[in-house]
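What the coordinates show
The residues making up each chain are set out below.
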Amino acid sequence: MIDQSKSKLDRREFLGAAAAASFMIIQPQLVRGTAANSQVRLGILGCGGRGTAVGSGFVQDAGARVTALADLFSDQLEAAHKHFDEIQQAKGYAAIDSSQLFKGPHAYKEIAASKEVDFILITTPPYFHPQHLETVVEAGKHVYCEKPVAVDVPGAHHVIRIGERAQGKLSLDVGFQIRMAPPMVELTRRIHEGALGKIACGLAYYYCGHLDRPDWPNASPEEKRLRNWVWDRKLSGDIIVEQNIHVIDMCNWMLQGHPEKAMGTGGRKVRTDAGDCWDNFNVIFVYPGEVQISFGSSQFNDPTFDAAVCLFGSEGSSEAHYDWRVNIAGKNKWDAGLGPAKEAEQFSAAGKFKGSLDQADPEKQKAFVASITSGQFHNQAALGAESAMSAMLGRMAAYSGQPATWDELQKSKEVYEPKIDITKLA
Ligand SMILES: NC(=O)c1ccc[n+]([C@@H]2O[C@H](COP(=O)([O-])OP(=O)(O)OC[C@H]3O[C@@H](n4cnc5c(N)ncnc54)[C@H](O)[C@@H]3O)[C@@H](O)[C@H]2O)c1
């Protein structure tokens, strides 16, 4: 027997004074019954690999409940509907109401306006993120937007303005889960406390295999292009902005800033898929204090996957790999003690990496839900835009073959326009 008076008290405590202000977002029917009482309701916009992985994490690890789904394509929507009904019914939750399944080119507006969601996970292709983020924030919903927040500089600047509008009204996270991985958090804390002494230079890389995609045999060339967005520069921002951004964001985090200039090269030498993305980048990023980071990446064939950031300073050096190697050598020796895990080497297109990132997603998801229920809202829009533009700086230098500065990049008016009419696709 549930004690109603007790649960009401818990409810107010649970949501915290500040959240009381946003109580309007949480529907009265949530007040009934303890389980419903404590759950934050999630709507997923973009029901692909990452949407399904992170959405499941929010349910399994962060106590949220998926109450709405949206996708451009019905096959993706139905697959996610089946998946989430299965995992939620196993937890005794009701099936997702058919009125909360949104399909087509306007699905993003419909899910943003839904009265059945408290926060929205944006896991559509990067090109759409500024538009989808703006619509969700304008609808007053808390939002978790996957990286990158934009594919071009005007888009990144727009995200900064959206973040300013969201300030204090709702919680806004960007999908850099590595900043929540306990081994990486401890390593970075030690680096910020001077464990490496004066940092002279570093190395950052992301060497991974080709990202295979289904054939979509019945799809038109335009539909195939959108479905295989990760091969397409205008839809993804190219591999340096879409994928390598994780290690560039780690550099910004560890060095507490963004690169001031870059010079580089790269190209599309061996990949043969239908897209135009490059398959390798090689860039020197120069951070404040003339700290030079040598960056390299690949996305072809099937090499041994490895992604890492290594810094070298007057007192020692650090290494932070996706697998298990997270440590400091030298005067302030330290090791995260993760030890070799055979599975560690596996690459995961959905971002579910084994090894030093095991707890990255669960910690990030729990912290985001707590920011909503406690009213201590996050706002990662500016940070997300800074990391996206840091990757774009490397792209600008590599594409032009000329050194590029942060200030020059800020003046870029180049808009990545894929010229795909999605109203004709669904
Ligand atoms: N943080 C991480 O580790 C990580 C890992 C993987 C992907 N990601 C990011 O997540 C995002 C999605 O990547 P993914 O691998 O899940 O891609 P995906 O192709 O598997 O899923 C994208 C989904 O969005 C849908 N979609 C496309 N255009 C749409 C539109 N206009 N409106 C509504 N739905 C639309 C597609 O039908 C598809 O279901 C990307 O930004 C990617 O960079 C992050």
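Look a little higher up for the structure.
We now turn to the structure provided with this report. Model, not experiment: these values are computed from the prediction.

1. Examining helix H12 (residues 245-255)
Structural remark: α-helix, 3.6 residues per turn; residues separated by three or four positions point the same way. For H12, the buried fraction is high: 11 of the 11 residues fall into the buried class. Gln256 sits one or two positions beyond H12 and adopts a positive phi of about 50°.

2. Description of the sheet that holds strand S12 (residues 316-321)
Two strands in a sheet stick together by hydrogen bonds in their backbones, pointing the same way (parallel) or opposite ways (antiparallel). Taken together, nine strands build an open sheet; the order of strands is S14-S13-S12-S11-S7-S10-S9-S8-S15 and the sheet is mixed. The open sheet terminates on both sides in strands that have one partner only, identified here as strand S14 (334-335) and strand S15 (404-405). The sheet contact formed by strand S7 (residues 199-208) and strand S11 (residues 306-313) spans eight bridges and is antiparallel. Looking at the pairing, Tyr205 lines up with Ala308 of S11.

3. A closer look at helix H7 (residues 153-166)
For H7, which comprises 14 residues, the first-to-last C-alpha distance of 20 Å matches the rise-based estimate of 20 Å (1.5 Å per residue) to within 8%. Tucked into the core, H7 has its buried residues touching helix H6 (129-138), strand S6 (172-174), helix H14 (381-400) and helix H15 (406-410). If you check the start of H7, you find a side-chain oxygen 2.7 Å away from the backbone N of Gly155, and it comes from Asp152. Where H7 ends, the next residue or the one after it, Gly168, has phi of about 80°, a positive value.

4. Structural notes on the site of the ligand
Taken together, 30 residues lie near the ligand, and Arg50, Asp71, Gln76, Arg213 and Glu242 sit nearest. Contact with the protein chains removes 93% of the 850 Å² of surface that the ligand exposes when unbound. Secondary-structure elements contributing two or more residues to the shell around the ligand are helix H3 (49-60) and H6. Taken together, the residues of the shell around the ligand break down into 12 nonpolar, 12 polar and six charged.

5. Here we look at the pattern of salt bridges
Evaluation of the coordinates by the stated rule reveals 25 salt bridges. The shortest N-O distance in the salt bridge between Glu242 and Lys147 comes to 3.4 Å. Here the residue Glu242 occupies a position in helix H11 (residues 239-242), and Lys147 occupies one in the loop between strand S5 (142-145) and H7, the gap between them amounting to 95 residues. In terms of burial, Glu242 and Lys147 fall into one category: buried. Between Arg190 and Glu186 there is a salt bridge; the shortest N-O distance is 2.7 Å. Residue Arg190 and its partner Glu186 are both found in helix H8 (residues 182-192); the two are separated by four residues, about one turn of the helix. Overall, Glu186 belongs to the partly exposed group, its relative accessible area being 22%. Each of Glu186, Arg189, Arg190 and Glu193 takes part in one network of salt bridges that share partners.

6. Quick notes on the sheet that holds strand S3 (residues 101-103)
The strand order across the open sheet built from six strands is S3-S2-S1-S4-S5-S6, with neighbouring strands paired in parallel fashion. Two strands bound the open sheet, and with one partner strand each, they are S3 and S6. If you compare each strand with its neighbour and ignore which way they point, the axes differ by 15° on average. Taken together, the five bridges between strand S1 (residues 41-45) and strand S2 (residues 65-71) define a ladder with parallel strand orientation. Residue pairing for S2: Arg41 is matched across the bridge by Arg65.

7. Topic: the packing of aromatic side chains
The description of an aromatic ring pair uses the distance of the two centres, along with the angle that the planes make with each other. In the structure shown here, the tally under the stated rule is 14 aromatic pairs. Taking 5.5 Å as the distance between ring centres and 90° as the angle between the ring planes, the aromatic pair formed by Phe58 and Tyr144 counts as edge-to-face. Residue Phe58 is found in helix H3, and its partner Tyr144 is found in strand S5; the two are separated by 86 residues along the sequence. Across this residue pair, the class does not change: Phe58 and Tyr144 are buried. A cation over an aromatic ring shows up here: Arg233 above the ring of Tyr399, its NZ or CZ 4.7 Å from the ring centre. The ring of Tyr416 carries Lys234 above its face, with NZ or CZ at 5.7 Å from the centroid.

8. A word on the packing of H3 against helix H4 (residues 74-89)
Two numbers describe a pair of packed helices, the interaxial angle and the distance between the axes. The geometry of H3 relative to H4 is characterised by a closest axis approach of 11 Å and an angle of 15° between their N-to-C directions. Put simply, H3 runs roughly parallel to H4. For the pair H3 and H4, the crossing hand works out as right-handed. Here Gly51, Thr52, Gly55, Ser56, Val59 and Gln60 of H3 lie close against H4, whose contacting residues are His83, Phe84, Ile87 and Gln88.

9. Re unusual backbone geometry
The omega angle of the peptide bond from Lys147 to Pro148 is -15°, so this bond is cis rather than trans. Along the chain, the position of Pro148 falls in the loop between S5 and H7. If you check the backbone angles, Trp216 has positive phi at about 45° while not being a glycine. Its place among the elements puts Trp216 in the loop between S7 and helix H9 (221-227). Here Trp216 falls in the buried class, since its relative accessible area comes to 16%. Despite not being glycine, Lys419 shows a phi value in the positive range, around 55°. Turning to its location among the elements, Lys419 is positioned in the segment after H15. On the basis of relative accessible area, Lys419 is assigned to the exposed category, the value being 67%.

Scoring rules and cut-offs
- Residues numbered from 1 in each chain as written.
- Predicted model: local features only at pLDDT ≥ 70, side-chain atom pairs only at ≥ 80, totals over all residues.
- Heavy atoms only, no water.
- Buried < 20%, exposed > 50% of the residue type's maximum accessible area, 1.4 Å probe, protein only.
- Helix = DSSP H or I, 4+ residues; strand = E, 2+ residues; numbered from the N terminus.
- Pairing = 2+ DSSP bridges.
- Expected span 1.5 Å × (residues − 1).
- Contact = heavy atoms within 4.5 Å.
- Polar contact = N/O pair within 3.5 Å; in protein donor to acceptor, adjacent residues only side chain to side chain.
- Near = heavy atom within 4 Å.
- Areas by Shrake-Rupley, 256 points an atom, 1.4 Å probe, with all protein chains shown as cover.
- Nonpolar A, V, L, I, M, F, W, Y, C, P; charged D, E, K, R; others polar.
- Salt bridge = Lys/Arg side-chain N within 4 Å of Asp/Glu carboxyl O.
- Axes fitted to C-alpha atoms, helices over the stretch in contact; angles between N-to-C directions.
- Phe/Tyr/Trp six-rings, centres within 6.5 Å; stacked < 30°, edge-to-face > 60°.
- Lys NZ or Arg CZ within 6 Å of the ring centre and 35° of its normal.
- Parallel < 35°, antiparallel > 145°, perpendicular 65-115°, else oblique.
- Left-handed = near helix turned anticlockwise from the far one by under 90°.

These values are about where atoms sit, not about what they do.
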